[in-house]
Each structure stands twice: as structure tokens, then as C-alpha cells.
Amino acid sequence: MATLPKVELHLHIEGTLEPELVMELARAGGITLPYRDADELRARYAFDDLQSFLDIYYENLVVLRGRGDFAQLAHAYAARAHEAGVVHAEVFFDPQAHLVRGVPLVDVVDGLVDGFEQARAEFGITADLIACFLRDRPVTEALTTLDELIALEAPIIGVGLDSAEVGNPASRFAEVFDRAKRAGLRSVAHAGEEGGPDSIRQALDDLGVERIDHGIRSIDDPLLLSRLADQRTRLTICPLSNVHLNAVADIASHPLPALIEAGLHVTINSDDPAYFGGYIDRNYDVVVDAFGLDDEAVAALAHNAVDASFLPDTRKREIRTRIDEWLSVPESGAVPGRLRW
Ligand code: HPA
Ligand code: ZN
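From a predicted model like this one, the values you see are computed outputs, not experimental measurements.

### Comments concerning the overall build of the protein
1) Next: A count of helices and strands for the protein gives 15 helices and eight strands.
2) Next: What you see for the protein is a C-alpha radius of gyration of 19 Å, in line with the 20 Å of a compact globule of 341 residues.
3) Next: With the C-alpha coordinates aligned to their principal axes, the bounding extent of the protein is approximately 50 × 45 × 40 Å.
4) Next: Each of the 341 residues in the protein was classed as buried or not, and the buried ones make up 56%.
5) Next: Looking at the protein alone, contacts between residues at least 24 apart form 76% of all its contacts between residues at least 6 apart.
6) Next: Put simply, the protein shows about 13400 Å² of open surface, and 50% of that area lies on carbon and sulfur atoms.
7) Next: Both charge centroids of the protein, one from 31 positive and one from 57 negative side chains, sit 3 Å from each other.

The structure is reproduced here in C-alpha cells:
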């Protein structure tokens, strides 16, 4: 059965660190952890909100110390994403979360590049890197991190903004994003995950970002909704993340169908799949099941991600053709609408 070719645009590489890999890297690095095995760690993955998730997410990073660890992490994600049909991913990483632990930036970047290069040779999957700044840390630190990335000539295509949204307004980072743009970088920001419509407006007006990560709280503001529809702002939606962090009560009450109805350009992504119960294929599955999407609707979501990507036009065309081929192949004897994406 053919798998829908997918582009993933909202994926934190650190959020792909599976409990089994945490244990393996800890063992290899002689690091003592406060739990016996992967199951005991996984049992802690019940989150009240974004912050309770971030606490564990940052804690687990202790096992990522050298270039080889980052290479292993990137390769493991790419292998799993390939299985899910991902042909291209624009991958977030958090440089400051490693710099503060004393891990050199060059090792982080080179390790990720090693892992993705190996995966490209094996599976044909491509990946581009986006460096995210932590909005709950000082702006000065974001500025020096950006300068270091530029000085290293790190192969990043853009910058983003993540971590705790509420109480950490995007507007503080205007100078960082301005400097990044002058260096030729693309830009995105998390906004409207837990923060309200104003958080999304700040990301657009004060940072001038090209995509909004999450953006689901735009549903609370009809004026903002019209603006996002009119200017074709792309949203990277992460359904399972929103459920697991209680940004929505359950999948049935997710605003995805209402956002589509309002004419917004939405895409489906996995955010931190090791923590939120599944990779991008499962995120497609849950919205198909919850909202009864047919193949055309699913292919439209996949096309949206191609359009919203920072890929060159030639590669976009190639992936669009593959999506259209997927749509044109009739399902033979399969349960309608199931197990194809
Ligand atoms: N939201 C904000 N910051 C993050 C996330 C997220 O889901 N994952 C990693 N950093
Ligand atoms: Zn995210």
C-alpha cells in the first residue's frame, strides 16, 4: 500500500528522543538517571500543560553530549519519519539548551548534519535545520547564539522561537529576528499554542515571521482569522501535541476543521513525537478519524506543507507530483480512507 508523501515542518529534533534512546545514550556515556528503564521514564509522560512537558524535555537532554549523540538522534528520527512517508523535514533544534550545558554548538550542528546526511544516503529523505531561540531565556543570549551560528557558517535555513510562550512575549526578540533576516535566514515562531491571538499578532508584526507554529488560538479572534486567511499565513498544526499538553480538551474539539473552514493554510506535524504518542503518520490518522477526512482532503493537507516549506521550486514540484500520484492510485480492497497515510 502506497504511503502519502509528506513534508514535516514542525518537529523538534530533541522531541524525538525516545525513552529507549535516553537509556542507551546514558548507558554508553556512563550517566546515572533517576529511573531504571525506558518504561519507568515513559510512565512520567503525563503532562498538565506546556511547562510540565518542557521540564522533562530539558531534563532528558543530559544524555546528548557529543557529536555522535546528535548524529544518532537525527538518524533515528529520519528513519522513523521515512517509514511515515516523510520525504522532507524542516527540523527545529534548540542551540541554547545545549550551550548552557557546556556542549559546543559546532558538535550539535555537525552531529545533526552527520545523521541527516547518512539518512539521506539511505532513504532519500532530506532535512533542513531551523535554529530556535528559547523565549524564556535572555534576549542577549539569543543574540550571541545567533552570532555564533553565523560565525560557524552553520547550515541552517532559518530561525524560530519556542519554549514557554505565556509571559514571554515575542516582541522582545524583534532585534534577533531582524538580525537573522539581514543574514539571509527565513523565520518562523511558535505563537498561539497557549498564548492568545495577541501572541500571534506579535510574531507577525514585531518579528515578521513567515509561518506560525501552532497558531490554534487564532480561532478565538475572527478579525485575526480573516487576516491569516487573506495573507495566506501558514500554520504548522500539531494535533497530538495539542491534546497531550491540554491546549485542547480532546481531538474532537480541536479547531482544525474550523481553521480549514475559515480558509487558513494549515499543515499537519508531530512537534515532539517521542512525548506525544506518535509521529506524523499518527497525527494524520487521528485527524482523519476524528473529522472523517477523505483522500482529497488529506492530499490537500500534504500539498499545503509543500507550499509552506522553504524548499526550492524544483523540489516542490517533484513532491507535488508524488502526492498527486498517491491520490490517483485507487485503493484496492483496502478499508476506505484507512492506513494509507
Ligand atoms: N512548544 C514550545 N516549545 C517547545 C515545544 C512545544 O511544543 N517543544 C519543544 N519546545
Ligand atoms: Zn513546537
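That was the structure; now back to the text.
### Description of the nonpolar core
In globular proteins that are soluble, nonpolar side chains generally tend to be buried together.
1) Next: Membership of the largest hydrophobic core comes to 112 residues, with the highest contact counts inside it found for Tyr77 and Phe93.
2) Next: Looking at which element gives the most residues to this core, the answer is helix H14 (residues 295-308), with seven residues.
3) Next: Ignoring anything within four residues of it in the chain, the contact list for Phe93 reads Ile13, Glu14, Val108, Val109, Leu112, Leu129, Ile130, Ala131, Cys132, Leu149 and Ile156.
4) Next: Membership of the second largest hydrophobic core comes to five residues, among which are Phe92, Ile130, Cys132 and Phe310.

### Side note on the coordination of the zinc ion (ligand 2)
1) Next: Taken together, His10 (NE2), His12 (NE2), His190 (NE2) and Asp271 (OD) make up the full set of protein donors to the zinc ion (ligand 2), lying 2.0 to 2.2 Å away.
2) Next: Coordination of the zinc ion (ligand 2) draws on donor residues from a single chain, spaced H-x1-H-x177-H-x80-D in sequence. Here the residue His190 occupies a position in strand E5 (residues 186-191), and Asp271 occupies one in the loop between strand E8 (265-268) and helix H13 (280-291), the gap between them amounting to 81 residues.
3) Next: By relative accessible area, His190 is classed as buried at 4%.

### With respect to the sheet that holds strand E4 (residues 156-162)
Strand pairing in a sheet relies on backbone hydrogen bonds. The paired strands run either parallel or antiparallel.
1) Next: Strands sit in the order E1-E2-E3-E4-E5-E6-E7-E8 across an open sheet of eight strands; the sheet is parallel. Edge positions in the open sheet fall to strand E1 (6-12) and E8, since each of these has one partner strand only. Neighbour to neighbour, the strand axes of the sheet diverge by 25° on average, direction disregarded.
2) Next: Pairing of E5 with strand E6 (residues 211-214), which is carried by four bridges, proceeds in the parallel orientation.

### Describing a negative patch on the surface
1) Next: On the surface, a cluster of negative charge is contributed by Asp48, Asp49, Asp55 and Glu194.
2) Next: Along the chain, the position of Asp55 falls in helix H3 (residues 50-60).
3) Next: Residue class for Asp55 comes out partly exposed when judged on its relative accessible area of 43%.

### Side note on empty space enclosed by the protein
1) Next: Applying the stated criterion across every chain yields a total of one cavity of 30 Å³ or more.
2) Next: Counted as a void, the largest cavity has a volume near 100 Å³.
3) Next: Forming the walls of the largest cavity are 15 residues, and the residues nearest its centre are His12, Phe53, Leu54, His190 and Asp272.
4) Next: Residue composition of the lining of the largest cavity, grouped by class: six nonpolar, four polar and five charged.

### Structural notes on the layout of surface pockets
1) Next: Within this model, the largest pocket holds a volume of roughly 200 Å³.
2) Next: Along the walls of the largest pocket sit Val113, Phe116, Glu117, Arg120, Ile125, Thr126, Ala127, Asp128, Leu129 and Pro155, which together make up its complete lining.
3) Next: Listed by contribution, the elements that provide at least two residues to the lining of the largest pocket are helix H6 (105-123) and strand E3 (126-134).
4) Next: Residues that form the lining of the largest pocket fall into these classes: six nonpolar, one polar and three charged.
5) Next: Roughly 160 Å³ of volume is contained in the second largest pocket.
6) Next: As for the second largest pocket, its lining consists of 15 residues, and the residues nearest its centre are Thr3, Pro5, Gly85, Val87 and Arg322.
7) Next: Sort the elements by how many residues they give to the lining of the second largest pocket and helix H15 (residues 313-328) lands first, with three residues.
8) Next: Split into classes, the residues belonging to the lining of the second largest pocket amount to nine nonpolar, four polar and two charged.

### Here we look at the environment of Glu153
1) Next: Looking at where Glu153 falls in the secondary structure, it is placed in the loop between helix H7 (139-151) and E4.
2) Next: When its relative accessible area of 69% is taken as the criterion, Glu153 is described as exposed.
3) Next: The spacing of Glu153 and Ser309 is 156 residues in sequence and 22 Å in space, taken between C-alpha atoms.

### Description of the confidence of the model for the protein
1) Next: With 96% of its residues at a pLDDT of 70 or more, the protein has an overall mean of 96.
2) Next: Low confidence marks residues 332-338, where pLDDT is under 50. Its contacts with residues over four positions away, or in another chain, come to seven contacts.

What counts, and where the lines are drawn
- Residues numbered from 1 in each chain as written.
- Chains lettered and ligands numbered in written order.
- Predicted model: local features only at pLDDT ≥ 70, side-chain atom pairs only at ≥ 80, totals over all residues.
- Heavy atoms only, no water.
- Helix = DSSP H or I, 4+ residues; strand = E, 2+ residues; numbered from the N terminus.
- Rg over C-alpha atoms; globule rule 2.2 N^0.38 Å.
- Buried < 20%, exposed > 50% of the residue type's maximum accessible area, 1.4 Å probe, protein only.
- Contact = heavy atoms within 4.5 Å.
- Areas by Shrake-Rupley, 256 points an atom, 1.4 Å probe, with all protein chains shown as cover.
- Lys, Arg positive; Asp, Glu negative; His and termini not counted.
- Charge placed at Lys NZ, Arg CZ, Asp CG, Glu CD.
- Core = buried A, V, L, I, M, F, W, Y, C linked by side-chain atoms within 4.5 Å.
- Donors = N, O, S within 2.8 Å, 3.2 Å for Na, K, Ca; no water.
- Pairing = 2+ DSSP bridges.
- Axes fitted to C-alpha atoms, helices over the stretch in contact; angles between N-to-C directions.
- Patch = residues over 30% accessible without salt bridge, like charges linked within 9 Å, V, L, I, M, F, W, Y side chains within 5 Å.
- Salt bridge = Lys/Arg side-chain N within 4 Å of Asp/Glu carboxyl O.
- 1 Å grid on protein atoms, 1.4 Å probe; cavity = no way out; pocket = protein on both sides within 12 Å on 5 of 7 lines; lining within 4 Å.
- Points joined across faces, edges and corners; volume = space filled by probe spheres on them.
- Nonpolar A, V, L, I, M, F, W, Y, C, P; charged D, E, K, R; others polar.
- pLDDT = per-residue confidence, 0-100.

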